[in-house]
Every structure is written in C-alpha cells, then in structure tokens.
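# Structural features, examined
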Amino acid sequence: MSSFNRVSFIESASCSDSGSDSLEDGSNSRTEAKDESSSFPHDMHRQKRSENSHYAETPTTIALFGDSCIQSSSIYAAKVSLVEEIGDNKIKDGSTAEQAKENAPPFPMKQVLLMEASWYTSPEEVAGAPSCCASDIYRLGILLFELFCPFSSSEEKCSTMSSLRHRLLPPQLLLKWPKEASFCLWLLHPEPKSRPMMSELLQSQFLNEPRDNLEEREAAMELREKIEEQELLLEFLLLMQQKKQEVADKLQATLSLLCNDIEEVTKQKMVLKNGANSCPELGKEDQTASSLPSHDIVDNDETTSPGSRKRGRPGLLVHNGEECCYDPDDNQKSDAHVDKRDSFLLKSSRLMKNFSKLESAYFLTRYRQLKQSTRPLMKPSPLSSDGKGSVVMTERSSINTAASRERYSEDRKSGWISPFLEGLCKYLSFSKLKVKADLKQGDLLNSSNLVCSLGFDRDGDFFATAGVNKKIKVFECDAILMEDRDIHYPVVEMAGRSKFSSICWNTYIKSQIASSNFEGVVQVWDVTRSQVLREMREHEKRVWSIDFSSADPTLLASGSDDGSVKLWSINQGVSIGTIKTKANVCSVQFPSDSGHSLAFGSADHKIYYYDLRNSRAPLCTLAGHNKTVSYVKFLDSVNLVSASTDNTLKLWDLSVCTSRSNEPPLQSFTGHTNVKNFVGLSVSDGYIATGSETNEVFIYHKAFPMPALSFKFSGTDVLSGPEMDDAAQFISSVCWRGQSSTLVAANSTGNIKILEMV
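Residues numbered from 1 in each chain as written. Predicted model: local features only at pLDDT ≥ 70, side-chain atom pairs only at ≥ 80, totals over all residues. Heavy atoms only, no water.

If you look the protein chain up in an unreviewed UniProt entry, it shows as Protein kinase domain-containing protein from Eucalyptus grandis. Under the heading Subcellular location (unreviewed entry), UniProt records this for the protein chain: "Nucleus". (UniProt positions renumbered as here; feature names shortened; annotations may be inferred.)

Here it is, written out as structure tokens:
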C-alpha cells in the first residue's frame, strides 16, 4: 500500500541480466519511480517488493466504495496499448518469449517491469475502464498467487502468469493448497462486481482461520525448537556422562588395584615384623629404636672400598645427606610418627618432582604383572615318541594341587613388589654424583684428544682409555683416587697406527685387551708387554665395536661399517664366522652367561639377537628406535638395554621376543640429549649410565624412565684456568667400575673424571 492508499506494483526486475538499463529511460512508464534503490536479484521466484511513495502521477480523488473499500486512481495511466502489445506478444506466447531470450541481448529492465506490471493489470483496466477498488482486489489476488506458487525459471513464470489471466491454475497449487487456490480464483474473478470487497476479505474465514493456524504452527515450531534444544543438551550431557563414567570405571579399577596392593604390602610388613619379633637380637634392637634395625648408611665415607656399593635399607633412605627412617611398627605408631615428622616421600623434592613418572612406572609394572598372571597356569603335557605323556615337569605343570595353585597365585599377586620396591629404593639411595678424581693428562692441550672408549679390567683395578689420539692408556684407579697430582701418568701406554674406536678387556685373562680402529683392524694386546698379540684384517671398513665373550674368553666379536659382524678366535687369529647385514653395525655385545648368543645394534634402527649355533636368521629383531642404534648392553641374561641417536634408551625382555613377533620395550628412558654422537653406555646392577650432548652424565635405574642422577662436565680453559661451559662439548664414553657405585666418564675434549654416587 502506497502513501496514497493505493495497491501499487513496484516490482524488482528479477529476470534482468543487464544492469545497464536505468529507470530513467522509462520516464513515461507506469512503473517508473523516483529515488529507486531496490536491488534486482537473478532468481525469479525470490522477487522483492518494496513500497515507494513518490510517483510522477498526482493522486486522484479518494472515495469510499461500500463500507471499507478504497477507490484509487489507476497507477497505470500510461498507454494501455503498450501493455496489450507486451501481453499479446511476450506473455501469452511462451515460446516467443523463450526464443526472444535466447536470440536477443539481455532482457531490458524496462520491458521486464512493463511485462510484470501487465500481470497485475485487471481485465477491466486492459479493456480501458478506470481503476477501482475491485482492481486493487485483483492485484491482491495476483500477489497471493505468487506467494503460494514459486517458479524455478523465468519461462515457467511467464507461461503460468499468462495462463492465470484465463483463470488456469497450476495442478500442484490445486493439490497442495486447495483453499488458497479457491481464494485466489475468488479474487481474480473477471467481473469486478463478483470480487469480494475489502470488508469481506478482512472478515473471511480464509484470513481469520489461517491466522489461528499460523499462531498454532508458530507455537508448535517454537515448542519443537525447544525440544530439539533440550535433546541437543541431553545428548551432550549423556556423551559427557559416558566419558566420565569410563574415567570413573578406570579410576575405580585403579583404586581397587591400589587397595589390594596396600593390603598385600601391609600383610608382608606384618610377616616381616613377626619375624623380627621372634628373633631375640632384633627384639633387643627394636627396644632401642623405633624404626627398622639401625644399620647406618655411610653418606660420604672416603674409606669405603672401591668395589662396594653403598645401599640404603628399604625403609632407611638417604637424601641430601640426611638419614630418614620409616617406622614399620603398628599402624598407630606409624601414624604418630608421620604426624610428628613428614615422611621421606614428601620431603624428597627429587621424588615429588618425578612423582607422576614414578606413578606411571608403578602402573606399568602392575599391568605387566597382571598380564602375565592371566596366562594359563598349566601347559599341555608334551607327548613323547611313543604317544605317552612326558614325565618332564615344567614349573607350571608342577602346580597340581589346590595348595600349590593358591601359593602360586599369591606369588604371582605379590610378584610386582620386589622389583618395584628394589627400583624405588635404589632410585632414592643416592642423591648426587660426586667427583672423586680428575684425570689430568699431559697431552690435554692436544686438540685431538676425544676419548672414544673406556673400559675396566676384570678386577676393576685398572681402566684403559682409547680414542682419536691413536693411543691406548692404562691407568691404576686407586692410585688416581688416593693421590692428588698435577699430572697423572698411565702405567702402560700403547700406540697404534690409526684412531681407536673401541676397546674391551678380556674377562678371564687379566692382561689382555682387544681394540678396533678406524681402518677396520682388530687387535689383541698384551698389556704387561705393551705389544700386539694378534692382528686381524678382514673387515673392509671402520670397526665400531668389539666385545669379549665372558663364557668363552677366546671368543671375540666385532661390528663394522661394512655391514658385517665377525667372530674371532684369538688363538687362531682368523674369523670363525660372519653375520652379514644390510646396514652399518655400531655395537656388539655377548650376554654374560652364554657364548652362543650375540646382540648387535645397527644403523637401520634395529637390534638383532642371534644364536651363533644357527646364524642364518636372528632369533628376534627388536624394532622400536627411530634412528641409529649406537649401543647395546646386557643388564642380565634376558634384559637388554639399547641406546640410539633418537634421544632414548630402551629396555628389552628377550625372553618374550621371537622372530615372528616384535614385543614393545619394557621401558623407554628419556632425559638426556643424543642426536648425532656416540655418547657411551654402561650398565651395572640395574643402573644405566649414559652420556649426553649437553656435556652431562645421566644415571637411570631400569625400573623408572626418568634419570635418577646427573652430573654436568665443564670445560677447562688451559690459559686462564677456571672452568667454562662449551656447547660443542659432549660426553663421549662412560664405564662402571664393576658392580660398584663408581664410574669413569670422559668427554670430547679428553676430560676424564671418576664419579661416585653418594
């Protein structure tokens, strides 16, 4: 409705692709409007109609028709002939319009407006009669029809609107909207007098009833939206509940596991306490002490023998030189003890700092034990050749009574306690690494003084160094520890023709030491005579590692860049076997109790474990590292530690590995830095020592993935004297002194220190 109370057609030219035709060109058009600002979309069925109160025509007299009908002058006072021409030539003939669209340039906006205006022109106006209220009703009928009948194309709209003048409605409108179609036909009656008046429209059932339906529909839609919102919220809450329930179930299982372990440890403590009470000597000690039998730990005893390793009792631990006790008496006394003084665990900043890692190690140990306990207790008895059951009894097959099975189950249940408790106690037994001695050599000024390998002899009395200075030097350890000298001289010094890469003492013959060099030569030396006993030249490239067999002292293994591992008999001076691989071999190692097995690390990121009696294929291949495996060392007969330039050490259980399955490592140790250099690896009594490219020595225990101790080397300025840090320096080799708490470490500048865990 315009400001002059007239139903006016102001249509956006939705079919026009030409934005160049302005409304100014149609100054005589019936649809021309001043200050036109509406846009012209491309989709015919999404037309927009807007009001415009500024017309070039002047308003005519307004008169009331009936009780509420408004008579207005026609807004289409221009030439009717033009409208008829457009209607006859372009609207009524759909094919002509389609052909014109294909052959002609983009549809002019002026013609579109005129064509659409003709659709809203009532029959009496076309016949030349003046506009009246009934004409407005007709236009409202056209508008109502367009609201309920969208079109997919301009051709379809032209055809349908041309048929509408003849009161022909689309079948889909009749089927889908029968009431609306009937109401449209009432408004579009060709006779003006047969059309309804405005009052009849406002009071009609069609306008009043749908309004109620519309309100109900809106209420229903609003209710449906609220229901959908509640369903969305409910779905989110249910999903969150499911996830939290899973967490709660896991937490409940964890709490149950902890409760069982607490009960088991408490039971074992009571058993130990009863045993202590039954012993008179321990009973007397209990009267004078409120904790475990008092065996003081020497925190920093200079007189401790080199071969002894200081250990804390499980309940008596040392941290930062302080003695901390745990009272194993009854729970009341223990609670009182905790109330009077914080427990060691809370006071140990090192432990609390790594508490989450200790927790992870505990659960790793527990779940591994649970996994093992789920295996069947009995294996099928193997059959002999005569078909009868074998009389050979295994550990599991011997569990044939209820009592035995119960006892076996209890052992399995508490089997985690000993290894975890041992690891925890050893982890907390020492608080730092202390320098016991600095090895000061006369050739420290030599720029090529990198120590590639360190090794102690059979008894731990002497240790040897070898490296790029082409020398093997043997030092007496106790002499260096007890004497403070400006320069330490080796007791034996042996020179070679090439840089040494590795040395290894014979575990049986005290004076024998084997070496390998960068030219691929393997040599066996007599230290007492300072001369070469055997020289073996079968490798084609540099030999990185050598190792004597503890079980067979005449057997020697070497690994080379030529991708081969060679077995040597030092009595024959020639190789007695060769294992070929596809990559460089960086480290070889015999287990301590067997001369038939051998492990080696390779540049293809893998560790290979062989039975030398059948060397055609490895017993198992361990794949877990991401870069070159630089070292392998046996912790015991079945546990192997490997080092790699991927910044990790890994612990493997060879007893569960087969060539057909690759078991994951038991533990992965991280904390040191190693991305390109050989930094050394040595093991002793569960402790693992390794170097770092941060010029630090790190000590791990096999039970926990984080370092227990660390010590940082500092560079020495030979001119000014004070120590200085050098980012280019790194630890190049480490070696434990037997089964003691002492180790020797060397860095890339030849700086050698004797360290001790205290």
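### Some remarks on the sheet that holds strand β25 (residues 667–670)
Pairing in this open sheet of four strands is antiparallel, and the strands run β22-β23-β24-β25 from one edge to the other. Where the open sheet ends on each side, the last strands, each with one partner, are β22 (629–634) and β25. Direction aside, neighbouring strands of the sheet carry axes that sit 20° apart on average. (Pairing = 2+ DSSP bridges. Helix = DSSP H or I, 4+ residues; strand = E, 2+ residues; numbered from the N terminus. Axes fitted to C-alpha atoms, helices over the stretch in contact; angles between N-to-C directions.)

### Comments concerning the packing of helix α5 (residues 133–148) against helix α6 (residues 154–164)
As a packed pair, α5 and α6 sit with axes 12 Å apart at the nearest point and diverge in direction by 140°. In this view, α5 runs oblique relative to α6, as classed from their interaxial angle. For the pair α5 and α6, the sense of crossing is right-handed. Contacts from Ile-142, Phe-145 and Glu-146 of α5 reach α6 at Lys-157, Thr-160, Met-161 and Leu-164. Broken down by class, the residue content of the contact of α5 with α6 amounts to four nonpolar, one polar and two charged. (Parallel < 35°, antiparallel > 145°, perpendicular 65-115°, else oblique. Left-handed = near helix turned anticlockwise from the far one by under 90°. Contact = heavy atoms within 4.5 Å. Nonpolar A, V, L, I, M, F, W, Y, C, P; charged D, E, K, R; others polar.)

### Digging into the packing of α5 against helix α8 (residues 178–187)
Two elements in contact, α5 and α8, have axes whose closest approach is 8 Å; the angle formed by their N-to-C orientations is 155°. The angle between the axes of α5 and α8 places the two elements in the roughly antiparallel class. α8 is crossed by α5, and the crossing has left-handed handedness. Two secondary-structure elements touch here, α5 through Ile-137, Tyr-138, Leu-140, Gly-141, Leu-144, Phe-145 and Phe-148 and α8 through Glu-180, Phe-183, Cys-184 and Leu-187. The residue makeup of the contact of α5 with α8, split by class, is nine nonpolar, one polar and one charged.

### Considerations on the pattern of salt bridges
Using the criterion set out here, one finds 20 salt bridges in the structure. Residue Asp-459 is joined to Arg-458 by a salt bridge in which the shortest nitrogen-to-oxygen separation is 3.3 Å. Judged by relative accessible area, Arg-458 falls into the partly exposed class, the value being 42%. Among the salt bridges present, the one from Arg-542 reaches Asp-561, with a minimum N-O distance of 3.2 Å. (Salt bridge = Lys/Arg side-chain N within 4 Å of Asp/Glu carboxyl O. Buried < 20%, exposed > 50% of the residue type's maximum accessible area, 1.4 Å probe, protein only.)

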